[in-house]
Amino acid sequence: MQAVLEHSPPAGATVQTAKRTGFLLLSPSVLILLVWSIVPLVMTLWYSLQNYNLVDPTLHGFAGIDNYWYLLTDPDFLHALLNTLVLVAGVLVISIGGGTLLAVLYDQEFFGRGIARIMVISPFFIMPTVSALLWKNLMLHPIYGVYSAMMRAVGLTPIDWLARFPLMTVMMIVAWEWLPFAVLILLTAVQSLDGEQREAARMDGAGPIARFRYIILPHLGRAISVVVMIETIYLLTIFAEISVTTAGGPGVASTNLPYLIYSRALLQFDVGGASAGGVVAIVIANIVAIFLVRAVARNLEA
Amino acid sequence: MALKTKTSTRIGVTILGWGIALWLFFPIFWMILTSFKSEVQAISTPPKLFFMPTLSSYTEVFERANYWHFALNTVIVSVGATAVAIALAVPAAYSMAFMPSKRTRGTLLWMLSTRMLPPVGVLVPIYILARNTHLLDTCTGLAIVDMLTNLPIIVWMLYTFFREVPAPILEAGRMDGATRWQETTMVLLPLALPGIASTALLSLILCWNEAFWSLNLTSSHAAPLTAFIASFSSPEGLFFGKLSAASTLAVAPILVFGWISQKQLVRGLTFGAVK
């Protein structure tokens, strides 16, 4: 899979200097990340225990766990939490599953493969605000959208996707952005597979499904880890797509945790409540991270 | 390889490959097409594929908003954040790859875990800190935040690239009496350059498209293209022509950049993170 090459540190008297150099080189990054991760966190924790509303200055002082209590007993919160997890899981399944199949497809030789690949990868370069606007208006608009026109052309009644199936539609839009990334990484991994090995399996009479199951899939482990890792980081914080398409609605049908906190903080000016939401979001992200890091770390370290 | 493949299979693969590619690319194609329509053509039902192209949407977008102002902000923020992040990450990744200690693995995982903090969790404090330090609505402020959010991923990618540089090559250099500095600049950096380049490319793309901090930390002065496009969203909902023209303008630079550099991006990733 990967040549394990240990870089032995220089021996003897230089070990001490090497250690110091290593520390000096590493410390700038570690220091600023330490500040970046701790200062805002402490501030969030502090605000979350305060009564702090920007439009109501009479309301101030220590709130204790009130903000948390309001949040955790709010049915919207549970809904948003669930939506967050559904979005992450759904997009991961689509992009890993679809990405693997497409990687195998675009590994085959066919006419114009290079151009087709570039077309498949393109959505990854589109900024979230644009892709959300594109899908909302040009593609899925119930009257003027292309998809609606197609449905009418075959005699169906167009569906107002974002009103009828808000969460699913947001998921599809996000998947459209991240599937190409998975294809990019997984295709690279498939191509690095030894051609002779595949040919040998074919000679031995292994069918395409057996080749996929026993040769290609095991080879993709590390690439899949990379995709899961990077995508989860971004999927936990989906914001622009929701803000542009549904603004979290109807009701809270497509509100995820980031959007709920945003609406508390910047639309209702409830700094205390938003901070409590922030702390909860951080706790949840850490729970996900623990599972993820544990599952993925082995593959990353290789 | 192709010799034994049946012709019918090859035709099937070709049709499937092109079909999926066209389907996934269609929204982008349609956006570009619509940007050359007049507003009336843009919302005609059924949608028109053939029409007299016009630049009227573009003219109006340029009249209404200062595109270059937003584009320049995006370039400054993306390039600035990427440059600083790479400058900080190269020594860190070097240290982890070549001078590993007991804590290296833990440090790396901790770095990645800082990236998993949802930005919204620290939105309020960052907003207040930025306001108090007068960094709100400045390119510097946004670039600092973008740099910090991407730094862990950059360190990690560079680390995997550095680790794949074969040790015997470095050792050969050392045998020949090269100092660590010479070894680094003359042997390691040329070998790791594709990796550094593709890491920088990924960082540029992520910064260019970053929406959360861009929308929340800037208003007018430092607003990048993500904000430019958001300003066309609600009131312009039904002006598909202008919307498409503005969108095309916002994504065109990075899309073309991505097409040109995708080989490099893939090559870099093959060398490092994926193998």
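Residues numbered from 1 in each chain as written. Chains lettered and ligands numbered in written order. Predicted model: local features only at pLDDT ≥ 70, side-chain atom pairs only at ≥ 80, totals over all residues.

Looking at an unreviewed UniProt entry, one finds chain B named Mannitol ABC transporter permease, with Gluconobacter kondonii as its source organism. The annotation that UniProt attaches to chain B under Subcellular location (unreviewed entry) is "Cell membrane". (UniProt positions renumbered as here; feature names shortened; annotations may be inferred.)

Going by the annotation in an unreviewed UniProt entry, the name recorded for chain A is Sugar ABC transporter permease, with Gluconobacter kondonii given as the source organism. A UniProt comment under Subcellular location (unreviewed entry) is attached to chain A, and it reads "Cell membrane". Per UniProt, chain A carries the Sequence similarities (unreviewed entry) text "Belongs to the binding-protein-dependent transport system permease family."

Asker: Describe the overall build of chain A, naming the residues involved and giving the relevant values.
Answerer: Secondary structure summary: chain A contains 14 helices and 2 strands in total. In terms of C-alpha radius of gyration, chain A reaches 24 Å, well past the compact-globule figure of 19 Å for 302 residues. Each of the three principal axes of chain A carries a C-alpha extent, and together these read 80 × 80 × 30 Å. Each of the 302 residues in chain A was classed as buried or not, and the buried ones make up 45%. (Helix = DSSP H or I, 4+ residues; strand = E, 2+ residues; numbered from the N terminus. Rg over C-alpha atoms; globule rule 2.2 N^0.38 Å. Buried ≥ 20, exposed ≤ 12 C-beta atoms within 10 Å, placed from the backbone.)

Asker: How would you sum up helix 4 (residues 67–98) of chain B? Please name residues and give values.
Answerer: Here helix 4 of chain B spans 46 Å end to end across 32 residues, near enough to the 46 Å set by a 1.5 Å rise per residue. Approximately 25 degrees is the largest bend angle found in helix 4 of chain B, and it occurs at Ala89 of chain B, with the proline Pro91 of chain B only one to four residues beyond. (Expected span 1.5 Å × (residues − 1). Bend = angle between axes of the 7 residues up to and from the residue.)

Asker: Got a sec to walk through the UniProt feature "transmembrane region" (unreviewed entry) in chain A? Specific residues and values, please.
Answerer: Those residues carrying the UniProt feature "transmembrane region" (unreviewed entry) are residues 23–49, 77–106, 118–135, 165–190, 220–240 and 276–297 of chain A in this numbering. For residues 165–190 of chain A, the end-to-end C-alpha separation is 35 Å, with 96% helix and 0% strand making up the annotated structure.

Asker: Provide a residue-level description of the domain arrangement of chain B, including the pertinent values.
Answerer: One can read the domain layout of chain B as domain 1 (2–59) and domain 2 (66–231). Between the C-alpha centres of domain 1 of chain B and domain 2 of chain B there is a distance of 35 Å. (Domains from an automatic or database assignment.)

Asker: Describe the interface of chain B and chain A, listing the residues and the values that go with them.
Answerer: Counting residues at the interface gives 84 residues for chain B and 85 residues for chain A. Counting only elements with at least two residues in the side of chain B that touches chain A, the list comes to helix 1 (7–35), helix 4, helix 5 (104–115), helix 6 (123–132), helix 7 (139–163), helix 9 (180–209), helix 11 (225–230) and helix 12 (240–271) of chain B. At 16 residues, helix 1 of chain B tops the list of elements feeding residues into the side of chain B that touches chain A. Here the residues of the side of chain B that touches chain A sort into 61 nonpolar, 19 polar and 4 charged. (Contact = placed C-beta atoms within 7 Å. Nonpolar A, V, L, I, M, F, W, Y, C, P; charged D, E, K, R; others polar.)

Asker: Residue-level account of the environment of Ile86 of chain B, with values.
Answerer: All names here are of chain B. You can see Ile86 is positioned in helix 4. Its 21 C-beta neighbours within 10 Å are what place Ile86 among the buried residues. When the C-alpha positions of Ile86 and Glu164 are compared, they lie 18 Å apart, and in sequence the two are 78 residues distant.

Asker: Please provide a residue-by-residue account of unusual backbone geometry, values included.
Answerer: Residues and elements named next belong to chain B. The phi dihedral of His134 is positive, around 60 degrees, even though this residue is not glycine. Inspection of the secondary structure assignment puts His134 in the loop between helix 6 and helix 7. Despite not being glycine, Asp137 shows a phi value in the positive range, around 60 degrees. Structurally, Asp137 can be placed in the loop between helix 6 and helix 7. The class of Asp137 is partly exposed, set by 16 C-beta atoms lying within 10 Å.

Asker: An account of the packing of helix 4 of chain B against helix 9 of chain B is requested, with residue identities and associated values reported.
Answerer: All names here are of chain B. As a packed pair, helix 4 and helix 9 sit with axes 9 Å apart at the nearest point and diverge in direction by 140 degrees. When the axes of helix 4 and helix 9 are compared, the pair comes out oblique. Considering only the axes of helix 4 and helix 9, their crossing is right-handed. Between helix 4, through Thr74, Val77, Ser78, Ala81, Thr82, Ala85, Ile86 and Val90, and helix 9, the contact on the second element is made entirely by Ile196, Ala200, Ser203, Leu204, Cys207 and Trp208. Classifying every residue of the contact of helix 4 with helix 9 by side-chain character gives 10 nonpolar, 4 polar and no charged. (Axes fitted to C-alpha atoms, helices over the stretch in contact; angles between N-to-C directions. Parallel < 35°, antiparallel > 145°, perpendicular 65-115°, else oblique. Left-handed = near helix turned anticlockwise from the far one by under 90°.)

Asker: Tell me about the nonpolar core, and please be specific about residues and values.
Answerer: In terms of nonpolar packing, the biggest core is built from 165 residues, with Leu186 of chain A together with Ala89, Ala93 and Leu158 of chain B touching the most fellow members. Shared between two domains, this core holds at least three residues of each, these being domain 1 (2–59) and domain 2 (66–231) of chain B. Residues contacting Ala89 of chain B, with those up to four places away along its chain left out, are Ser29 of chain A together with Leu151, Ile154, Val155 and Leu158 of chain B. (Core = buried A, V, L, I, M, F, W, Y, C linked by C-beta atoms within 7 Å.)

Asker: So what's going on with the packing of helix 3 (residues 75–105) of chain A against helix 11 (residues 221–235) of chain A? Which residues, and what values?
Answerer: Residues and elements named next belong to chain A. As a packed pair, helix 3 and helix 11 sit with axes 10 Å apart at the nearest point and diverge in direction by 150 degrees. Overall, the two elements helix 3 and helix 11 adopt an arrangement that is roughly antiparallel. Like other packed secondary-structure pairs, helix 3 and helix 11 cross with a definite hand, here right-handed. Here Leu87, Val88, Val91, Leu92, Ser95, Ile96 and Gly99 of helix 3 come into contact with helix 11, specifically with Ile224, Val227, Val228, Glu231, Thr232 and Leu235. Class assignment of the residues belonging to the contact of helix 3 with helix 11 gives a composition of 9 nonpolar, 3 polar and 1 charged.

Asker: I'd love a proper account of the environment of Leu243 of chain B, names of residues and values included.
Answerer: Residues and elements named next belong to chain B. By secondary structure assignment, the location of Leu243 is in helix 12. Judged by the 28 C-beta atoms lying within 10 Å of it, Leu243 is buried. Separated by 208 residues in the primary sequence, Leu243 and Ser35 have C-alpha atoms spaced 7.6 Å apart.

Asker: Describe the UniProt feature "transmembrane region" (unreviewed entry) in chain B, listing the residues and the values that go with them.
Answerer: All names here are of chain B. Per the UniProt record, "transmembrane region" (unreviewed entry) is annotated on residues 12–33, 67–96, 108–130, 142–162, 183–206 and 239–260. The span residues 183–206 shows a helical share of 100% and a strand share of 0%, and its end C-alpha atoms are spaced 32 Å apart. Within residues 239–260, the helical portion is 95% and the strand portion 0%, while the C-alpha atoms at the span's ends are 31 Å from each other.

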